[in-house]
Number of protein chains: 2
Amino acid sequence: MEKKAFESIYQEIFPFWKEISEKDRDYICQNSHAVTYSKGETIHDGNECSGVILVRSGSLRLFMMSDEGKDITLYRLHKGDLCMLSASCVLEAITFEVFVDAEEDSECCVVSGPAFAAVSERNPSIRIFALETAVGRFSDVMWVMQQILFMSMDKRLAIFLLDESSRIGTDTIALTHGQIARYMGSAREVVSRMLKYFSNEGIVEVSRGGIKILDKKRLRTLAC
Amino acid sequence: MEKKAFESIYQEIFPFWKEISEKDRDYICQNSHAVTYSKGETIHDGNECSGVILVRSGSLRLFMMSDEGKDITLYRLHKGDLCMLSASCVLEAITFEVFVDAEEDSECCVVSGPAFAAVSERNPSIRIFALETAVGRFSDVMWVMQQILFMSMDKRLAIFLLDESSRIGTDTIALTHGQIARYMGSAREVVSRMLKYFSNEGIVEVSRGGIKILDKKRLRTLAC
């Protein structure tokens, strides 16, 4: 991929792009490469510094792994999403291991970790962007963990959706998030976020018309 | 408390203190207050912006809470520690609720959230410090959650310490972290971090001579 192609992608994604010098912009582009990952391929493995990964198509999965090889999905990255947690040399405060693999064939741009780190040393706006991206992702992960491990909100929502779908006899539930929250005795924001999580997992599809159940089997597993 | 007293505390704690203008330093001190919390007192309650809290003595506990009032301790703050997660108006990327209470009578300095946010808007070094503090804490929390919920490292270490203590017939286990790791088939770093977590929880005391069990009852609960 040519410098110009990276340039046009980065100016869309990086809010700091116009604030940094042309030299630094060139440096980032020169240290970028286009990579295509095949479905199932391991992209990032624990502690190494694999760089800053930008998804152009397909989807990546971030997860934690146990000694025995079990894993917990933290979140998924889709088109336009940026992975900072794979660049431990950029964010030294990150001290736990994450893994990344490709869920589908995925086209990505990867900025080398040391190059991104060098430029962010010189530009506080880049450092702030990288840290804010990481804090935002951590917040999402904490929230999901809290809901799943602690309040069983995933289970409660799965039960509600299955019950409602069998009651009305279709897979599309034409209720607003606020209505569902009231039925469940929860808050609209909680229901919306959990539906977004279900939707990222491919369990439901959320549209203006309501919630369509795509994967009843997984919903049943969650409900048990 | 007088401006000078805040000044002498902050120059120890804030790495950015000498980089910002005298005006901004004054502004932070003017918007600080000394607070004494009584044991058991709620200090921060979910979404509100309670400001940046610096512990001068005693200890605070950060936790998540469920709808039913159950809680999970995320970590504890001791003398010299700083709580950024209570300042959601400073770090907008934080979108989940945490709670803070006093575990002992605690003396703290509190910088008002809006004042800290205003100064950090003008000073990237403050913004970076605040974000790095948050990312470091998140990393610790993620690590603990991963170990406890996923790998049962807390359980495995508790079992090891109890077995070893009963084998040698004393409560002080004179082994290095590396030796324990080898016995457990784990990594030294993992054992050290989990021992630090146990120590913060008051379950053990870690010194050069070894690990002293302080709370055998809690260790037994963890082991079951």
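Residues numbered from 1 in each chain as written. Chains lettered and ligands numbered in written order. Predicted model: local features only at pLDDT ≥ 70, side-chain atom pairs only at ≥ 80, totals over all residues. Heavy atoms only, no water.

A. Layout of the sheet that holds strand E2 (residues 42–46) of chain A. Residues and elements named next belong to chain A. Spatial ordering of the open sheet is given by E2-E7-E4-E5, a layout of four strands whose pairing is antiparallel. Strands at the two margins of the open sheet, each flanked by one partner only, are E2 and strand E5 (71–77). Going from strand to strand, the sheet's axes swing by 25° on average, the running direction of each strand aside. As defined by bridge partners, E2 adjoins strand E7 (residues 98–102) across four bridges and the pair is classed as antiparallel. Bridging across to E7, histidine 44 finds its partner in valine 100. (Pairing = 2+ DSSP bridges. Helix = DSSP H or I, 4+ residues; strand = E, 2+ residues; numbered from the N terminus. Axes fitted to C-alpha atoms, helices over the stretch in contact; angles between N-to-C directions.)

B. Here's a closer look at helix H7 (residues 188–200) of chain B. Residues and elements named next belong to chain B. With 13 residues, H7 ought to run about 18 Å at 1.5 Å a step, and its terminal C-alpha atoms sit 18 Å apart, in line with that. Val190, Val191, Ser192, Arg193, Met194, Leu195, Tyr197 and Phe198 are the residues of H7 that are buried. Glycine 202 sits one or two positions beyond H7 and adopts a positive phi of about 75°. (Expected span 1.5 Å × (residues − 1). Buried < 20%, exposed > 50% of the residue type's maximum accessible area, 1.4 Å probe, protein only.)

C. Molecular detail of the pairing of strand E4 (residues 60–65) of chain A. Residue and element names in this part refer to chain A. In terms of burial, E4 is a largely internal element, five of the six residues being buried. Pairing of E4 with E5, which is carried by six bridges, proceeds in the antiparallel orientation. Bridge pairing links arginine 61 to arginine 76 in E5. The sheet contact formed by E4 and E7 spans four bridges and is antiparallel. Considered in E7, the bridge of leucine 60 is made with alanine 102.

D. Fine view of the sheet that holds strand E9 (residues 172–173) of chain A. Residue and element names in this part refer to chain A. An order of E9-E11-E10 is seen for the three strands of this open sheet, with the pairing classed as antiparallel. Strands with a single pairing partner mark the edges of an open sheet, and in this sheet they are E9 and strand E10 (204–207). Where E9 and strand E11 (residues 210–213) come together, two bridges link them in antiparallel fashion. Bridge assignment links threonine 172 to a residue of E11, and that residue is lysine 212.

E. The arrangement of the nonpolar core in detail. By size, the foremost hydrophobic cluster in this structure holds 151 residues, and its most contacted members are Tyr10, Phe116 and Leu161 of chain A together with Tyr10, Phe116 and Leu161 of chain B. Setting aside its immediate chain neighbours within four residues, phenylalanine 116 of chain B contacts Phe14, Phe16, Val52, Met84, Val90, Val111, Ile126 and Ala130 of chain B. (Core = buried A, V, L, I, M, F, W, Y, C linked by side-chain atoms within 4.5 Å. Contact = heavy atoms within 4.5 Å.)

The quantities given are spatial measurements derived from coordinates; they are silent on function.
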